[in-house]
Amino acid sequence: QVQLVESGGGLVQAGGSLRLSCAASGSIFRVEAMGWYRQGPGKQRELVASVTRGGTTVYADSVKGRFTISRDNAKNTVHLQMNSLKPEDTAVYYCKQEVVRRDYFARDYWGKGTLVTVSS
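The structure presented is a predicted model; accordingly, all values stated were derived computationally and were not measured. (Residues numbered from 1 in each chain as written. Predicted model: local features only at pLDDT ≥ 70, side-chain atom pairs only at ≥ 80, totals over all residues. Heavy atoms only, no water.)

K.L.:
Any details on unusual backbone geometry? Residues and values, ideally.
P.N.:
Across residues other than glycine, the phi torsion is negative in most instances, and most of the peptide bonds are trans. Here Asn76, not a glycine, exhibits a phi torsion of approximately 50 degrees, which is positive. Within the fold, Asn76 resides in the loop between β7 (67-72) and β8 (77-82). On the accessibility criterion, Asn76 (15% relative accessible area) is buried. Positive phi, normally seen in glycine, also occurs at Tyr104, with a value near 70 degrees. Of note, Tyr104 is situated in the loop between β9 (91-101) and β10 (106-110). With relative accessibility at 59%, the residue Tyr104 sits in the exposed group. (Helix = DSSP H or I, 4+ residues; strand = E, 2+ residues; numbered from the N terminus. Buried < 20%, exposed > 50% of the residue type's maximum accessible area, 1.4 Å probe, protein only.)

In structure tokens:
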């Protein structure tokens, strides 16, 4: 099986920074796309940023210029550097990785989520 473990959430003041990390472990052959999603209070889950294995990135308009997604293929890890945080960034942030397992079965795996709270 495959497990994703997220870290780095917490409470920060507006204008501050946080760095989220998500590491996958288990029966992994290769990880394709990696991404971060978030779900704010009373809102639907939305894509924040994603990165392909080759490094192509996509960002939500609301975070462009403030957030940076990066990955370490050797460690099956994805990071999200969040700068200039705003109260509207408050949400539970979820990591998703498209994993090809050693038995060549491919599916998406999700982390359990990490809470980011931005105070004004």
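Picking up after the structure, the text goes on.
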